[in-house]
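Residue-level listing of the chains:
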Amino acid sequence: MSTSTVIEQIREAAAYIRKEIGADPQIGLILGSGLGVLADLIEHPTVVPYSSIPHFPVSTVEGHAGELVAGQIQGKQVLIMKGRFHAYEGYGVETVSFPVRVMKELGVATLIVTNAAGGINTSYNVGDLMVISDHLNMTFRNPLIGPNDNALGVRFPDMSEAYSRRLRTLAHDVAAKMDFSLQEGVYVGLLGPNYETPAEIRMFRTLGADAVGMSTVPEVIVARHAGIEVLGFSCISNMAAGILDQPLSHAEVMETTERVKPKFLKLVLGIIEAL
Ligand code: HPA
């Protein structure tokens, strides 16, 4: 750990990325398990491995590549995080969300986050895409703990519209034009890495959650602190524990995201075009 302040680290990381990509990204994307393939749609991409960026952590989990990919999609300048960091890998939530602060420094105004999640709402089906309407932070960790740097955001950020209503409406409109519909619901974010027990899932359903996962919440908290508008999607990769009479596995999660990929790609492309 270097002795420089967080803001110096953000600026150093951003300066390095800016030099590498030679452009100012407008839209940031954080793509979860198996969904990084969107980066392949960038024309003339610039790839920046996380390991080359000052102060950037390096991703470890299977199915996550660990690189930034920058360039144009549908005429918009985008910066894609192919592979994200998770608290269950041993990173602090301030480390998990550090790239979002770097995106802000680079000029990103809109963040699209995606994840794979277990369906808690019994009306959902495996393979559904859910627009995240709100979240429950059940990590009991917060990336904003510590002295607040007013250059990054206010001390007590408002979270009453963490996931932009405007962008959620846009997502439904884009999906409707493509002749499919999206679920919309509350994402509960946990630390993991074990999947939940059936009793936990019943509790989360009672608390108002529709889908469960192990990511997204720290990044969205930091994005809102930074004033970035957020749109989030969960790919319902499996039904949560105890709903179906079968065990959960990472293999099922990867299989479903692989199957849903074409539809997901179409949707995100449509949204980028409409932004
Ligand atoms: N629980 C938690 N995280 C997940 C799940 C789940 O069922 N599926 C994919 N990520």
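Residues numbered from 1 in each chain as written. Predicted model: local features only at pLDDT ≥ 70, side-chain atom pairs only at ≥ 80, totals over all residues. Heavy atoms only, no water.

Caption draft 1: Layout of helix 6 (residues 217-225). By the criterion of burial, helix 6 is predominantly enclosed, with eight of the nine residues buried. For helix 6, every residue scored as buried is listed here: Val 217, Pro 218, Glu 219, Val 220, Ile 221, Val 222, Ala 223 and His 225. (Buried < 20%, exposed > 50% of the residue type's maximum accessible area, 1.4 Å probe, protein only. Helix = DSSP H or I, 4+ residues; strand = E, 2+ residues; numbered from the N terminus.)

Caption draft 2: Summary view of the site of the ligand. The local shell around the ligand consists of Ala 116, Ala 117, Gly 118, Tyr 195, Glu 196, Val 212, Gly 213, Met 214, Ser 237, Asn 238, Leu 248 and Val 253. Between the ligand and Gly 118, the relevant distance is 3.3 Å, taken from a nitrogen atom to a main-chain nitrogen or oxygen of the residue. The separation between a nitrogen atom of the ligand and a polar side-chain atom of Asn 238 is 2.7 Å. Burial of the ligand by the protein amounts to 95% of the accessible area it has alone, namely 260 Å². Spatially, the ligand is embedded in the second largest pocket. In terms of residue count, strand 5 (residues 110-119) provides more of the shell around the ligand than any other element does, three residues in total. The residue inventory of the shell around the ligand, partitioned by class, reads seven nonpolar, four polar and one charged. (Near = heavy atom within 4 Å. Polar contact = N/O pair within 3.5 Å; in protein donor to acceptor, adjacent residues only side chain to side chain. Areas by Shrake-Rupley, 256 points an atom, 1.4 Å probe, with all protein chains shown as cover. 1 Å grid on protein atoms, 1.4 Å probe; cavity = no way out; pocket = protein on both sides within 12 Å on 5 of 7 lines; lining within 4 Å. Sits in = over half its atoms within 2 Å of the grid points. Nonpolar A, V, L, I, M, F, W, Y, C, P; charged D, E, K, R; others polar.)

Caption draft 3: How the structure looks around the UniProt feature "binding site: a purine D-ribonucleoside" (unreviewed entry) in the protein chain. In the numbering adopted here, UniProt assigns the feature "binding site: a purine D-ribonucleoside" (unreviewed entry) to Glu 196 and Asn 238. A maximum C-alpha distance of 12.4 Å among these annotated residues, which run over 43 residues, shows that they cluster at one spot. Checking the annotated residues one by one, the ones that line the second largest cavity turn out to be Asn 238. With respect to the helices and strands, the residue Glu 196 is situated in the loop between strand 7 (183-189) and helix 5 (198-206). Discounting chain neighbours no more than four positions away, the residues touching Glu 196 are Leu 190, Ile 201, Phe 204, Val 212 and Ala 241. Among the secondary structure elements, Asn 238 is positioned in strand 9 (residues 229-239). Ignoring any residue separated from it by four or fewer positions in sequence, one finds Asn 238 in contact with Ala 117, Gly 118, Gly 119, Val 126, Leu 248, Glu 252 and Val 253. (UniProt positions renumbered as here; feature names shortened; annotations may be inferred. Contact = heavy atoms within 4.5 Å.)

Caption draft 4: Inspection of the nonpolar core at higher detail. One finds Ile 17, Ile 53, Phe 56, Leu 68, Val 102 and Leu 111 to be the most contacted residues of the largest nonpolar core, which totals 46 residues. Counting residues per element, the ones that place at least two in this core are helix 1 (6-21), strand 3 (67-73), strand 4 (76-82), helix 3 (98-106), strand 5, strand 6 (129-137), helix 6 and strand 9. Once you skip the residues sitting within four places of it in the chain, Leu 68 turns out to touch Ile 17, Thr 46, Val 47, Val 48, Tyr 50, Ile 53, Phe 56, Leu 79, Ile 80 and Met 81. (Core = buried A, V, L, I, M, F, W, Y, C linked by side-chain atoms within 4.5 Å.)

Caption draft 5: The arrangement of the UniProt feature "binding site: phosphate" (unreviewed entry) in the protein chain in detail. If you check UniProt for "binding site: phosphate" (unreviewed entry), the listed places come out as Ser 33, His 64, Arg 84, Phe 85, His 86, Ala 116 and Ser 215 in our numbering. Lining residues of the largest cavity, restricted to the annotated ones just named, are Phe 85, His 86 and Ser 215. By the secondary structure assignment, Arg 84 is in the loop between strand 4 and helix 2 (93-96). Polar contacts involving the side chain of Arg 84 include one to the main-chain carbonyl oxygen of Thr 114, which spans 3.0 Å.

Caption draft 6: Examining empty space enclosed by the protein more closely. Counted by the stated rule, this structure contains three cavities of 30 Å³ or more. The calculated volume of the largest cavity comes to roughly 70 Å³. Grouping the amino acids of the lining of the largest cavity by side-chain chemistry returns nine nonpolar, four polar and one charged. The wall of the second largest cavity is formed by Asn 238, Met 239, Ala 240, Ile 243, Leu 244, Gln 246, Pro 247, Leu 248 and Glu 252. (Points joined across faces, edges and corners; volume = space filled by probe spheres on them.)

Caption draft 7: Inspection of the layout of surface pockets at higher detail. Space inside the largest pocket adds up to approximately 500 Å³. The wall of the largest pocket is formed by 23 residues, among which Val 6, Gln 9, Glu 94, Arg 101 and Pro 143 lie closest to the centre. Mapped by element, the contributors of at least two residues to the lining of the largest pocket are helix 1, helix 2 and helix 3. Class assignment for the residues of the lining of the largest pocket results in 11 nonpolar, eight polar and four charged. For the second largest pocket, the calculated volume is near 370 Å³.

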